[in-house]
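Residues per chain, in single letters:
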Amino acid sequence: MFKSNCIQTFICAIALLATADFAVAQEWKSGVEWQEPPLVTPGATNDAPPSDAIVLFDGTTLDGWIDGDKWLIEDGVAIPRESQIVSKQHFGDIQLHVEWSAPAEVHGEGQGRGNSGIYLMGLYEVQVLDSFENATYFDGQAGSIYKQTPPLANAMRKPGEWNTYDIVFTAPRFKGNGDIDQPGHVTLIQNGVLMLNHFELMGPTGYTAAPHHQPHAETGPLSLQFHGDPVKFRNIWVREIKPSVGHRTGPPFNIQPEPKKEEPKPE
Ligand code: MG
């Protein structure tokens, strides 16, 4: 037993030495020369727009939206009226922050309670609904991609309280012939809870038709749905996602150790 332990310890020690020697001796490099990531000054809180954000609603005006004048702005919040609103600026890949509150006075049930929606590229609906103790079909509750997937959780705050949506959207890419090249993806965090994890979109949101990919421009507007309910919105901002930039200067490689210098032998 003693002998066996000794042999095991010896083998482990040799293995550790070999690993340590390898780690010190060689460093793996990707062979890509990366540009420095841009400096972005965060907001005072994580809900406040960072320095490079495009603010779409700061509580004062919906000038950045087509038909923004139709909605009611009251006490720094925007309330849907008459029609959807559509952002004048178009976007591709984005990080989007939206805060919304279901009406404090509860009316209706199912899809008829606190319904609105955030349409990415004007096509793909991230559902806004009062899902606090309000049963409906699961792929139609708050945080769903409407009729494509339920959210991973129900993380609703009570009616009248504010919810945050933080969305990461990768727009779909289409081939020259209109076929889908890379489907779009949506990640959503509501109130700090993961709701959608890089969900692969099946196509634009529909009500009667099955979703299927339909080619469109590389960018599109955001739109906020009017569904007849006085949902409140505030603090809407967006950041355009730009991929990291680098260029390959060579294949991946290991940095080799410096060769040991031979001590000169005495004459
Ligand atoms: Mg909706």
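The residue count restarts for each chain, going from 1 along the sequence in the order it is written. The predicted nature of this model means local features are confined to residues of pLDDT at least 70 and side-chain atom pairs, given and counted, to a pLDDT of 80 or more, with totals for whole chains, interfaces and linings taken over all residues.

## Brief notes about the overall build of the chain
Short version of the rule: Where helices and strands are cited, they refer to DSSP runs of H or I of at least four residues and of E of at least two residues respectively, numbered from the N terminus. Buried, partly exposed and exposed are defined by the number of other C-beta atoms within 10 Å of a residue's own C-beta, namely 20 or more, between the two limits, and 12 or fewer respectively, with C-beta atoms placed from the backbone. Contact between residues is assigned whenever the C-beta positions, reconstructed from backbone atoms, fall within 7 Å.
Counting its regular elements, the chain contains one helix and 19 strands. With 267 residues in all, the chain has 28% of them scored as buried. The long-range share in the chain, meaning contacts at least 24 apart out of those at least 6 apart in sequence, stands at 63%.

## Brief notes about the environment of G206
Mapped onto the secondary structure, G206 falls in the loop between β15 (193–200) and β16 (223–224). Of the residues examined, G206 has 15 C-beta atoms within 10 Å and is grouped as partly exposed. Expressed as a C-alpha distance, the spacing of G206 and E125, which sit 81 residues apart in the sequence, is 9.0 Å.

## Notes on the environment of H97
Mapped onto the elements, H97 comes out in strand β8 (residues 94–101). Along the chain, H97 and P49 lie 48 residues apart, while their C-alpha atoms are 8.4 Å from each other.

## Overview of the sheet that holds strand β7 (residues 85–87)
To keep things clear, this is the line we draw: Here the rule is simple: two strands pair whenever DSSP picks up at least two bridges between them.
Strand order in the open sheet formed by five strands is β4-β7-β16-β9-β10, with antiparallel pairing between adjacent strands. Looking along the sheet, the strands with just one partner apiece sit at the ends: β4 (65–66) and β10 (124–128).

## Regarding the pairing of strand β17 (residues 232–240)
The sheet contact formed by strand β3 (residues 54–57) and β17 spans three bridges and is antiparallel. Its bridge partner being in β17, F57 is matched across the sheet by I236. Examined bridge by bridge, β8 and β17 share seven bridges and lie antiparallel to one another. Bridge pairing in β17 links I94 to E240.

## Things to note about unusual backbone geometry
Despite not being glycine, E82 has its phi angle at roughly 70°, a positive value. Its location among the elements puts E82 in the loop between β6 (77–79) and β7. Look at K147: it is not a glycine, yet its phi comes out positive at around 65°. Here K147 lies in the loop between β10 and β11 (163–170).

## Comments concerning the confidence of the model for the chain
Definition in use: As a per-residue measure, pLDDT tells how confident the predictor is, with possible values from 0 to 100.
Mean pLDDT over the chain works out to 91, with 89% of the residues at or above the 70 mark. Counting interchain partners and residues more than four positions distant, the pLDDT-below-50 stretch residues 9–23 has zero contacts.

## Overview of the environment of Q84
If you trace the backbone, Q84 turns up in the loop between β6 and β7. For Q84 and I66, which are 18 residues apart along the polypeptide, the C-alpha to C-alpha distance reads 8.7 Å. Ignoring anything within four residues of it in the chain, the contact list for Q84 reads S223, L224, Q225 and F226.

## Considerations on the nonpolar core
Generally speaking, nonpolar side chains in soluble globular proteins are found buried as a group. Rule in force here: We call a set of buried Ala, Val, Leu, Ile, Met, Phe, Trp, Tyr and Cys residues a nonpolar core when their C-beta atoms link them within 7 Å.
I118, L120, V126, I145, V186 and F233 are the most contacted members of the largest nonpolar core, which has 43 residues in total. With four residues, β17 is the single largest residue contributor to this core. Contacts of I118, omitting those with residues within four sequence positions, involve V98, V126, V128, Y165, L222 and L224.

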